[in-house]
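Structural description and commentary
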Amino acid sequence: EKQDGYCDLKEKTCDRDFLNEKFIIYDVNPPEGFNLRRDVYMRFAIMLSDARQHNENWKLILPPWYSLYHWKAKQNDYPMPWSNFFDVKSLKKFAPVVELHEVFSKIDSNIFKIDRLYVLQNYDDAFENGEFRDKWEIGGDCDYDGSLWGYNNITVKKTICVKYQGRISKLWELISLNPADKFVMFAHGEIPLHDQYGTKTFWDCRKSMKFNKNLISRAKKYIYKYFNCNNKICNNYVSVHWRRQDFARSRKKDVPSIGGTVKQIDNAIKNYNPHIVNIFIASDGQNSELIELEKQLSDIGFKVHLYLPTQLELDTFKDGGVAIIDQIICSHAAYFIGTYESTFTFRIQEEREILGFDSSTTFNRLCPDNGRCEVPSKWKIVN
Ligand SMILES: C[C@@H]1O[C@H](OP(=O)(O)OP(=O)(O)OC[C@H]2O[C@@H](n3cnc4c(=O)[nH]c(N)nc43)[C@H](O)[C@@H]2O)[C@@H](O)[C@H](O)[C@@H]1O
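On a predicted model such as this, the values are computed, not experimentally measured, just so you know. (Residues numbered from 1 in each chain as written. Predicted model: local features only at pLDDT ≥ 70, side-chain atom pairs only at ≥ 80, totals over all residues. Heavy atoms only, no water.)

This part covers the packing of aromatic side chains. Summed over all chains, the structure comprises 32 aromatic pairs. Both rings, one in Phe34 and one in Phe86, keep their centres 5.9 Å apart while their planes meet at 5 degrees; by these two values the pair is stacked. Taken together, the residues span a long stretch of sequence, with Phe34 in helix α2 (residues 34-52) and Phe86 in the loop between β4 (58-62) and α3 (88-94) at a distance of 52 residues. Grouping residues by exposure puts Phe34 and Phe86 together as buried. (Phe/Tyr/Trp six-rings, centres within 6.5 Å; stacked < 30°, edge-to-face > 60°. Helix = DSSP H or I, 4+ residues; strand = E, 2+ residues; numbered from the N terminus. Buried < 20%, exposed > 50% of the residue type's maximum accessible area, 1.4 Å probe, protein only.)

In this section: the site of the ligand. Around the ligand, a shell composed of 21 residues is seen, among which Asn35, Arg243, Asp246, Ser342 and Thr343 lie nearest. With respect to the ligand, the side chain of His241 contributes an N or O atom lying 3.0 Å from a nitrogen atom. When the ligand is considered free in solution it has 710 Å² of accessible area, and contact with the protein chains removes 87% of it. Those elements that place two or more of their residues in the shell around the ligand are α2, α8 (246-250), β11 (278-283), α11 (311-331) and α12 (343-355). The leading source of residues in the shell around the ligand is α2, at three residues. A class-by-class count of the residues in the shell around the ligand yields eight nonpolar, seven polar and six charged. Both domain 1 (2-204) and domain 2 (212-361) contribute no fewer than three residues apiece to the shell around the ligand. (Near = heavy atom within 4 Å. Polar contact = N/O pair within 3.5 Å; in protein donor to acceptor, adjacent residues only side chain to side chain. Areas by Shrake-Rupley, 256 points an atom, 1.4 Å probe, with all protein chains shown as cover. Nonpolar A, V, L, I, M, F, W, Y, C, P; charged D, E, K, R; others polar. Domains from an automatic or database assignment.)

Turning to the state of the cysteines, a few remarks are in order. Tallied over the full model, the rule gives three disulfides. Each sulfur of the disulfide joining Cys142 and Cys161 lies 2.0 Å from the other. Here the disulfide of Cys142 and Cys161 is left-handed, its torsion about the S-S bond being about -80 degrees. Here the residue Cys142 occupies a position in the loop between β7 (135-138) and β8 (154-165), and Cys161 occupies one in strand β8, the gap between them amounting to 19 residues. (Disulfide = S-S within 2.5 Å.)

Our next topic: the environment of Ser67. Mapped onto the elements of the fold, Ser67 is located in the loop between β4 and α3. For Ser67, a relative accessible area of 43% puts it in the partly exposed group. Put simply, Ser67 and Lys22 are 45 residues apart on the chain and 27 Å apart in space, counted from C-alpha to C-alpha.

For the protein chain, the domain assignment lists domain 1 (2-204) and domain 2 (212-361). Inter-centroid distance (C-alpha atoms) of domain 1 to domain 2 is 32 Å. Counting residues at the interface gives 23 residues for domain 1, matched by 23 residues for domain 2. Approximately 1,700 Å² of surface area, both sides summed, lies buried where domain 1 meets domain 2, with 51% of it carried by carbon and sulfur atoms. For Asp87, the salt bridge is made with Lys213, and the minimal N-O distance between the two is 3.2 Å. Across the contact surface, domain 1 and domain 2 share 14 residue pairs in polar contact (both at pLDDT 80 or more). (Contact = heavy atoms within 4.5 Å. Buried area = accessible area lost by both parts, 1.4 Å probe. Salt bridge = Lys/Arg side-chain N within 4 Å of Asp/Glu carboxyl O.)

You can see Arg347 is positioned in helix α12. Apart from the residues lying within four places of it in its own chain, the contact partners of Arg347 are Asn35, Leu36, Arg38, Asp39, Tyr197, Arg206 and Gln327.

In structure tokens form, the structure reads like this:
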């Protein structure tokens, strides 16, 4: 007997588990970058991991990486699976996740029908009567502004607009309205918040987000070659995440000029350990800015290092992998200085907490030239 076109029960190929499983997939506000998306993943992964404890048969489909705004290289052939960047086996140890291509391989019709797409939207006024409380409400006008990861064999049966605010676990209330749904999708998955931030479960999930092994080994090779370090914690280089592009253009009150950056790195090293000469810079800056930064730092005696991928490496790792290699190299440095409110920096700080660095070497930021500078929040690990 054919079941919903998924498989033929008489055929040996039929995956009986699949018949009983239900799936959630989500999409994120299109302009958001890779590292904000990593946090959105954690919210869903924790939600699904919690559900497993109640014997529920829900799985999370990892939304492929598709056409990211910050990824400019022509090497990016979308959509990309999560295994390009992460160790999916490790993700699966924490939460019941599957790659989209695993699901495709089980649908014989090659048409993937999403039963219900909930387009989440913020409330106009988050603080009704001066109070922020968890709530949701179906209705209003909305459009799905994503692209279903570029697949034209995915269709949506029904689209529902939902105003939503608060904890992600409240999504179960929405899902339970239609118990027959097998494939449920949420657009604007960044709107629901973590149920709890910084708890042991949060960190267990974060630790499971190990990178793809080839990216780790490339970063380790670099660290060994330029800093002769084979340990988790290296003591002879300082790393800086120097976020430019849109940050340099539209957040002038938070980010320094090139000269200001040089002064701050120099001061930080003088205070931390004046014997250090090696500086690793991770940046999305333009070549001209990086050349100027390198020149000014060299002029005062530092040796500046950047990871510049070969053509073959760019073809293999793509923009996303190159950025991860930058993050790994930053993570192992004796001392790290990041960019204020960049999620790229936050993910490096978390990695350093996991590696066991003293937090005084991690939660440091570049300040604007006017010196007005809020101390960054410390999100310390809970084991
Ligand atoms: C203002 C907001 O900032 C948010 O960015 P923010 O949190 O820094 O961090 P992300 O969300 O990761 O987005 C920034 C993207 O720029 C590239 N990038 C930034 N810094 C580096 C670097 O040091 N090395 C390399 N190789 N690549 C870098 C990389 O593709 C990264 O995913 C964005 O997600 C939002 O879309 C929005 O633009």
